[in-house]
Amino acid sequence: MKILLLGEASNLHWTLAEGLRTFGHQVTVISDGSVWMDNRRDINLCRNSYGLKDSLIYMASLLFHLKDMKGYDIVQINHPCFFDFKADTCFRIFRFLKKHNKKIFLGAFGTDYYWVKSCLDKATFRYSDFYIGSNFNTHIPDNEATIREWINSRKAYINKKMAEEANGISCCLYEYYASYYPEFGTKAAYLPLPINLQEHPLRDIPENPKEVQFFIGIQKNRNELKGTDRMYNVLKELELRYPQNVKIAKAVSVPYQEYNRMMYGSDVLFDQLYSYTPGMNGLIAMAKGLVIIGGGEPEMYDLLNEKENKPIINVLPDEEDIYKKAESLILHRESLKQRSLDCRRFVEQHHDHVKVAAKYLQFWKSR
């Protein structure tokens, strides 16, 4: 088949493309590479600024490449705003893609109307970026703006229209699946995040390390969103209490390839405080044999039908809970090797990019 993947989400589409190509499919990825992450793509469509000159160049580039977006069996977009235009412009491009290709799929890979709506109902999730229990999450300062952006807005309307008109909806996390499934049923499918294990070999894991190196990745302007600000505060407390046993490695908005290299010297990754599931960052770390402290709720394991291997150290969005569970790792460093091996095995079982590509193909063909 000819497959077009538009937009990027932390290297999801490029890694999926690699898996699809192992089955002999012709795949084209068009994206901005997630900007500073600089993910790989076949055709680069990147907006350098919102100034007049760069905006005209970006529009001209899109118009030039419209010819490269026709005649595919499958087109998948990563988000309702899959290009760096206003939602109405993206919707016009969506209609163009729908007209000139056989099938089009909407990716539920990030913040959109259905996910925000589900977070706000205080029933779908026990905690989220927006609520912790019944209390509004004041740790994320942009929450009010995000609600205005996605609820009762033009973006909300266009998100709904795309979901209705798409052949199917590909959901990469439990949270996104739980947001779309109640309204769309089997039109929405949970398709795990793909990881190319060959690019992330298992690190050398010491038997009983004297110290534990914790790794934390901080994205500029998204620090509070991921909860890494609160996790980092806990790490600094642990470093003060256990100076001989705790080291901290911090990466601030570094390119994807450099970030991957930096992980190899660490034992534990802090990631995704408000999530039920690990994202690409967490899964890549697990593939390398790092232990994850972050989102790993029972609902995620149930969706994967995983009954035995549950290696993620799940934490609540509460500093005391984070502290206790991280401290337990420090005090029981002998458990790190087996936990690391279990993390690698989990990714091999559920997130290998070839296995995930096969699931995508099955879903696309079913719609």
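Refer to the preceding data block for the structure.
The present account deals with the structure reproduced in this document.

The rules behind the values
Residues numbered from 1 in each chain as written. Predicted model: local features only at pLDDT ≥ 70, side-chain atom pairs only at ≥ 80, totals over all residues. Heavy atoms only, no water. Helix = DSSP H or I, 4+ residues; strand = E, 2+ residues; numbered from the N terminus. Rg over C-alpha atoms; globule rule 2.2 N^0.38 Å. Buried < 20%, exposed > 50% of the residue type's maximum accessible area, 1.4 Å probe, protein only. Areas by Shrake-Rupley, 256 points an atom, 1.4 Å probe, with all protein chains shown as cover. Lys, Arg positive; Asp, Glu negative; His and termini not counted. Charge placed at Lys NZ, Arg CZ, Asp CG, Glu CD. 1 Å grid on protein atoms, 1.4 Å probe; cavity = no way out; pocket = protein on both sides within 12 Å on 5 of 7 lines; lining within 4 Å. Points joined across faces, edges and corners; volume = space filled by probe spheres on them. Nonpolar A, V, L, I, M, F, W, Y, C, P; charged D, E, K, R; others polar. Axes fitted to C-alpha atoms, helices over the stretch in contact; angles between N-to-C directions. Parallel < 35°, antiparallel > 145°, perpendicular 65-115°, else oblique. Left-handed = near helix turned anticlockwise from the far one by under 90°. Contact = heavy atoms within 4.5 Å. Pairing = 2+ DSSP bridges. Core = buried A, V, L, I, M, F, W, Y, C linked by side-chain atoms within 4.5 Å. Phe/Tyr/Trp six-rings, centres within 6.5 Å; stacked < 30°, edge-to-face > 60°. Lys NZ or Arg CZ within 6 Å of the ring centre and 35° of its normal. Expected span 1.5 Å × (residues − 1). Salt bridge = Lys/Arg side-chain N within 4 Å of Asp/Glu carboxyl O. Polar contact = N/O pair within 3.5 Å; in protein donor to acceptor, adjacent residues only side chain to side chain.

1. Notes on the overall build of the protein chain
- The number of helices and strands found in the protein chain is 15 helices and 14 strands.
- The C-alpha radius of gyration of the protein chain comes to 20 Å, within 12% of the 21 Å expected for a compact globule of 367 residues.
- Its C-alpha atoms give the protein chain principal-axis dimensions of roughly 60 × 45 × 45 Å.
- Buried positions account for 59% of the 367 residues belonging to the protein chain.
- Accessible area of the protein chain: about 15900 Å², with a carbon and sulfur share of 49%.
- Of the charged side chains in the protein chain, 49 are positive and 45 negative, and the gap between their average positions amounts to 6 Å.

2. Focus: empty space enclosed by the protein
- The final tally for this structure, using the stated rule, is one cavity of 30 Å³ or more.
- Roughly 50 Å³ of internal volume is contained in the largest cavity.
- Every residue lining the largest cavity is listed: Cys172, Leu173, Tyr190, Leu193, Thr277, Pro278, Leu283, Met300, Leu304 and His351.
- When the residues that make up the lining of the largest cavity are grouped by side-chain class, the tally is eight nonpolar, two polar and no charged.

3. Considerations on the packing of helix 4 (residues 113-120) against helix 5 (residues 143-150)
- The geometry of helix 4 relative to helix 5 is characterised by a closest axis approach of 9 Å and an angle of 125 degrees between their N-to-C directions. The orientation of helix 4 with respect to helix 5, classified from their angle, is oblique. Crossing angle aside, the handedness with which helix 4 passes helix 5 is left-handed. In this structure, helix 4 uses Tyr113, Val116 and Leu120 to contact helix 5, whose residues at the interface are Thr146, Ile147 and Trp150.

4. Some details on the sheet that holds strand 1 (residues 2-6)
- Overall, parallel pairing links the seven strands, which are arranged 3-2-1-4-5-8-9 in an open sheet. Of all strands in the sheet, those bounded by a partner on one side alone are strand 3 (43-44) and strand 9 (188-190).
- Pairing of strand 8 (residues 168-171) with strand 9, which is carried by three bridges, proceeds in the parallel orientation. Each bridged residue has a counterpart across the sheet, and for Cys171 the counterpart in strand 9 is Tyr190.
- Helix-sheet contacts for helix 15 (residues 353-366) involve strand 1, strand 4 (74-77), strand 5 (103-108), strand 8 and strand 9, and the interaxial angle to strand 8 is about 160 degrees.

5. A closer look at the nonpolar core
- Leu6, Met69, Phe82, Phe83, Leu97, Tyr180 and Trp364 are the most contacted members of the largest nonpolar core, which has 103 residues in total.
- Ranked by size, the runner-up nonpolar core spans 25 residues in total, among them Ile140, Val234, Ile313 and Ile330.

6. Points about the packing of aromatic side chains
- The tally for this structure, following the rule as stated, stands at 21 aromatic pairs.
- Three or more aromatic residues joined by ring pairs form one cluster here, namely Phe105, Tyr360, Phe363 and Trp364.
- The side chain of Lys2 reaches across the aromatic face of Tyr72, ending 4.7 Å from its centre.
- Just above the ring of Phe64 sits the side chain of Lys67; from NZ or CZ to the centre is 3.4 Å.

7. Some thoughts on helix 13 (residues 319-331)
- The first and last C-alpha atoms of helix 13 sit 18 Å apart over 13 residues, in line with the 18 Å expected at 1.5 Å per residue.
- Within the span of helix 13, buried status applies to Asp321, Ile322, Tyr323, Ala326, Glu327, Leu329 and Ile330.

8. A short note on the pattern of salt bridges
- Evaluation of the coordinates by the stated rule reveals 19 salt bridges.
- Notably, a salt bridge pairs Lys325 with Asp321, separated by 3.2 Å at the nearest N-O pair. One end of the pair, Lys325, and the other, Asp321, are both in helix 13, four residues apart, so they sit about a helical turn from each other.
- Through salt bridges that share partners, Arg95, Lys161 and Glu165 make up one connected network.

9. Considerations on the side chain of His25
- In this fold, His25 is placed in the loop between helix 1 (12-21) and strand 2 (26-31).
- Look at His25 and you get buried, because its relative accessible area is 15%.
- A distance of 2.9 Å separates a polar side-chain atom of His25 from the backbone nitrogen of Met1.
- Discounting chain neighbours no more than four positions away, the residues touching His25 are Met1, Ile3, Leu20 and Leu361.

10. As for the sheet that holds strand 12 (residues 268-270)
- Spatially, five strands are ordered 11-10-12-13-14 in an open sheet, and the strand pairing comes out parallel. Here the strands that pair on one side only, and so sit at the sheet edges, are strand 11 (246-252) and strand 14 (313-314).
- Both strand 12 and strand 13 (residues 291-294) contribute to a ladder of three bridges, which runs parallel. Bridge assignment links Leu269 to a residue of strand 13, and that residue is Ile292.
- On the sheet, helix 10 (residues 256-263) packs against strand 10 (212-218), strand 11 and strand 12 and is oriented at approximately 165 degrees with respect to strand 10.

11. Focus on the environment of Lys155
- Checked against the element boundaries, Lys155 lands in helix 6 (residues 154-165).
- In this structure, the C-alpha to C-alpha distance between Lys155 and Gln257, residues 102 residues apart in sequence, is 33 Å.
- Excluding its chain neighbours within four sequence positions, the residues that come into contact with Lys155 are Cys81, Ala87, Glu149 and Trp150.
- A polar contact of 2.3 Å, which involves the side chain of Lys155, links it to the side chain of Glu149.

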